[in-house]
Amino acid sequence: KNSKYRIGSMSKTMTAELVFKAVDENLITLNQNIEEFFPKITNAGKITIQSLLNHSSGIPNFTEDPNYLEWNTKEFTREEIMRKFNSKKAVFEPSAQHIYSNSNYVLLSIILEEVYNTTYAELFHNKLVERLQLKNTYYEDSTEIEKNEVYSYVYRPDVENTNVSNGWLKENETHMSIPLGAGGIVSTPADFASFLQALFAGKLISDTSLEKMLKVDN
């Protein structure tokens, strides 16, 4: 119960909460398009913040890039990440479909950084972790075993490798400068449960925002 895990895409729920907090604070609106933040993204003038939140933007999922595993362990600046995003064509017209894309939540993280004028890590700590007094939740770049953080593994009993123990192969670590709020959070089961309890009890965002957060629509 005290092991600290990279919680992967569960991070998105926390990022979505931060986005709705920014809405409550009148820093952004759900129906504004993202062109002012990302003018080079295909269809930026038609993609809204709501589209990013509910995966209806049409922006390709960067983790499905055929070469993703060749560069995912390297540190990237925001500019380098955006060059990858800007070079991709849309996979569908905004709001025409819902297709899961990690890219949406990377972009939401960068929007949060811009409107709050701080890093995602600092924003996450100040707006969420401190507020809930989560002792074992944070944004982290690399796993440190001495801090009781744990590695990720994949079950591959078919692979003959000296690093495989009973079929479990240690995964290479994605550098957390890449996923940001799409998958860069470390937490424990207890801390994440505390976050969910506070969220659904209406303690983090307005009732109006919580209602919108729970809907799946365009």
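Residues numbered from 1 in each chain as written. Predicted model: local features only at pLDDT ≥ 70, side-chain atom pairs only at ≥ 80, totals over all residues. Heavy atoms only, no water.

Caption draft 1: Representation of the packing of helix α5 (residues 102–116) against helix α6 (residues 120–132) in the model. Look at α5 against α6: their axes get within 9 Å of each other, and the N-to-C directions meet at 75 degrees. Between α5 and α6, the crossing angle belongs to the class labelled roughly perpendicular. Packed against α5, whose contacting residues are Ser109, Leu112, Glu113 and Tyr116, the element α6 presents Tyr120, Leu123 and Lys127 at the interface. Here the contact of α5 with α6 is composed, by residue class, of four nonpolar, one polar and two charged. (Axes fitted to C-alpha atoms, helices over the stretch in contact; angles between N-to-C directions. Helix = DSSP H or I, 4+ residues; strand = E, 2+ residues; numbered from the N terminus. Parallel < 35°, antiparallel > 145°, perpendicular 65-115°, else oblique. Contact = heavy atoms within 4.5 Å. Nonpolar A, V, L, I, M, F, W, Y, C, P; charged D, E, K, R; others polar.)

Caption draft 2: A look at the packing of aromatic side chains. By the definition in use, this model includes 10 aromatic pairs. Geometrically, the ring pair formed by Tyr120 and Phe124 is stacked, given 6.1 Å between the ring centres and 15 degrees between the ring planes. Here Phe124 and Tyr120 lie together in helix α6, a separation of four residues that amounts to about one turn. Looking at Tyr120, the relative accessible area reads 1%, which means it is buried. The buried category is assigned to Phe124, whose relative accessible area is 1%. Taken together, the aromatic side chains of Phe62, Tyr68, Trp71, Phe76 and Phe85 make up a single cluster linked through ring pairs. Just above the ring of Trp71 sits the side chain of Lys84; from NZ or CZ to the centre is 4.2 Å. One cation-aromatic arrangement involves Lys170 over Tyr151; the distance from NZ or CZ to the ring centre is 4.3 Å. (Phe/Tyr/Trp six-rings, centres within 6.5 Å; stacked < 30°, edge-to-face > 60°. Buried < 20%, exposed > 50% of the residue type's maximum accessible area, 1.4 Å probe, protein only. Lys NZ or Arg CZ within 6 Å of the ring centre and 35° of its normal.)

Caption draft 3: How the structure looks around the packing of helix α1 (residues 11–24) against α6. Remark: α1 packs on α6, axes separated minimally by 11 Å, with the N-to-C direction vectors making an angle of 85 degrees. Put simply, α1 runs roughly perpendicular to α6. The segment α1 lies against α6, with Met14, Thr15, Glu17, Leu18 and Lys21 engaging Tyr120, Phe124, Lys127, Leu128 and Arg131. Its residues placed into classes, the contact of α1 with α6 shows five nonpolar, one polar and four charged.

Caption draft 4: Spatial organisation of the environment of Gln50. Within the secondary structure, Gln50 is located in helix α2 (residues 49–53). C-alpha separation for the pair Gln50 and Lys212, spaced 162 residues apart in sequence, amounts to 9.7 Å.

Caption draft 5: Local environment of helix α4 (residues 78–86). The complete set of buried residues in α4 reads Ile81, Met82 and Phe85. Looking straight down α4, one finds its buried side chains confined to an arc of 100 degrees; they lie on one side. Exposed side chains of α4 directed beyond 90 degrees from the buried face belong to Glu79 and Arg83. Taken together, the buried residues of α4 touch α5. (Arc of directions from axis to C-beta.)

Caption draft 6: Region of interest: the pattern of salt bridges. A full pass over the atoms with the stated rule returns six salt bridges. In this structure, Glu173 engages Arg6 in a salt bridge whose closest nitrogen and oxygen atoms are separated by 3.2 Å. With Glu173 in the loop between β4 (168–170) and β5 (185–187) and Arg6 in strand β1 (residues 5–6), this residue pair connects regions lying 167 residues apart in the sequence. Glu173 gets classed as partly exposed once you look at its relative accessible area, which sits at 23%. With a shortest N-O distance of 2.6 Å, Lys46 and Glu93 are connected by a salt bridge. Of this pair, Lys46 sits in the loop between α1 and α2 while Glu93 is found in the loop between α4 and α5, placing the two residues 47 residues apart along the sequence. (Salt bridge = Lys/Arg side-chain N within 4 Å of Asp/Glu carboxyl O.)

Caption draft 7: Spatial organisation of a nonpolar patch on the surface. A surface patch of nonpolar side chains, about 530 Å² in accessible area, is lined by Ile145, Tyr151, Tyr153, Tyr155 and Trp168. Topologically, Ile145 is positioned in the loop between β2 (138–139) and β3 (153–155). (Patch = residues over 30% accessible without salt bridge, like charges linked within 9 Å, V, L, I, M, F, W, Y side chains within 5 Å. Areas by Shrake-Rupley, 256 points an atom, 1.4 Å probe, with all protein chains shown as cover.)

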